Amino acid sequence: MDYKAEVTLNEKDSIQDMLSAEKSLAKIYTTAITEGVSKGFRNVVKEHILEEIDDQFKVFSLMTRQGYYQVESAPQKDIEQTKEKFNKVQGQLS
């Protein structure tokens with residue numbers, strides 16, 4: 001039995017896999033930059049992570065344009081509560 005003939009990813013699945021890969025790469029680069037001690041190494045990783053973030057956003061944007069990823073705006077009340085919480089924590093750390 002030829003399993004390859006039976007397994008076909010559609011466009012949505014393929015793009016979802018790409019998004020997952022982009023998110024994983026961003027996490028790997030974040031770990032690398034926080035663990036690196038050489039300034040040169042950190043600069044190289046910084047360049048790569050910035051590119052990765054852009055690539056992830058491009059894939060995410062494609063998914064939303066194609067209707068594969070639904071995004072809802074947060075209620076203004078929730079946004080304000082989060083801002084207040086952040087400001088409170090920031091004030092405690094200062």
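Heads up: the structure comes first, above all this text.
Residues numbered from 1 in each chain as written. Predicted model: local features only at pLDDT ≥ 70, side-chain atom pairs only at ≥ 80, totals over all residues. Heavy atoms only, no water.

Enquirer: I'd like a rundown of the overall build of the protein chain, residues and numbers included.
Expert: Each helix and strand counted, the protein chain has 4 helices and 0 strands in total. Listed by position from the N terminus, the elements making up the protein chain come as α-α-α-α. Computed over C-alpha atoms, the radius of gyration of the protein chain comes to 19 Å, more than 25% over the 12 Å expected from 2.2 N^0.38 for 94 residues, which places it beyond the range of a compact globule. Among the 94 residues that make up the protein chain, the fraction classed as buried is 12%. For the protein chain, the proportion of contacts with a sequence separation of at least 24, taken over those separated by at least 6, is 55%. Mean positive and mean negative side-chain charge positions of the protein chain (13 and 16 charges, respectively) differ by 9 Å. (Helix = DSSP H or I, 4+ residues; strand = E, 2+ residues; numbered from the N terminus. Rg over C-alpha atoms; globule rule 2.2 N^0.38 Å. Buried < 20%, exposed > 50% of the residue type's maximum accessible area, 1.4 Å probe, protein only. Contact = heavy atoms within 4.5 Å. Lys, Arg positive; Asp, Glu negative; His and termini not counted. Charge placed at Lys NZ, Arg CZ, Asp CG, Glu CD.)

Enquirer: An account of the pattern of salt bridges is needed here, citing residue identities and associated values.
Expert: Using the criterion set out here, one finds 1 salt bridge in the structure. Across the pair Glu80 and Lys83 runs a salt bridge, and its minimum N-O distance is 3.9 Å. One end of the pair, Glu80, and the other, Lys83, are both in helix 4 (residues 76-93), 3 residues apart, so they sit about a helical turn from each other. (Salt bridge = Lys/Arg side-chain N within 4 Å of Asp/Glu carboxyl O.)

Enquirer: Residue-level account of the side chain of Glu22, with values.
Expert: Here Glu22 shows up in helix 2 (residues 11-35). Comment: no salt bridge for buried Glu22; closest opposite-charge side chain is Lys58, at 9.6 Å. Among residues more than four places away in sequence, those in contact with Glu22 are Glu52, Asp55, Gln56 and Val59.

Enquirer: An account of the packing of helix 2 against helix 3 (residues 39-66) is requested, with residue identities and associated values reported.
Expert: Contact geometry for helix 2 and helix 3: axes closest at 9 Å, N-to-C directions at 160°. Comparing the axis directions of helix 2 and helix 3 gives the class roughly antiparallel. In this structure, helix 2 meets helix 3 at a crossing whose hand is left-handed. Taken together, the residues of the contact of helix 2 with helix 3 sort by class into 15 nonpolar, 6 polar and 7 charged. (Axes fitted to C-alpha atoms, helices over the stretch in contact; angles between N-to-C directions. Parallel < 35°, antiparallel > 145°, perpendicular 65-115°, else oblique. Left-handed = near helix turned anticlockwise from the far one by under 90°. Nonpolar A, V, L, I, M, F, W, Y, C, P; charged D, E, K, R; others polar.)

Enquirer: Quick one: what's the story with helix 3, residue by residue and with numbers?
Expert: Along an α-helix, residues three or four positions apart point the same way, because every turn accommodates 3.6 residues. For helix 3, built from 28 residues, the straight-helix expectation of 40 Å at 1.5 Å per residue is met to within 8% by its first-to-last C-alpha distance of 41 Å. The complete set of buried residues in helix 3 reads Val45, Ile49, Glu52, Val59, Ser61 and Met63. In this structure Ser38 caps helix 3, since a side-chain oxygen of it lies 3.3 Å from the backbone nitrogen of Gly40. Positive backbone phi, at 80°, marks Gly67, one or two positions downstream of helix 3. (Expected span 1.5 Å × (residues − 1). Polar contact = N/O pair within 3.5 Å; in protein donor to acceptor, adjacent residues only side chain to side chain.)

Enquirer: Please set out the environment of Gln81 residue by residue, giving values where relevant.
Expert: Mapped onto the elements of the fold, Gln81 is located in helix 4. For Gln81, a relative accessible area of 44% gives the class partly exposed. Sequence separation between Gln81 and Ile15 is 66 residues, and the spatial gap between their C-alpha atoms is 34 Å.

Function cannot be read off these values alone, since they describe shape.
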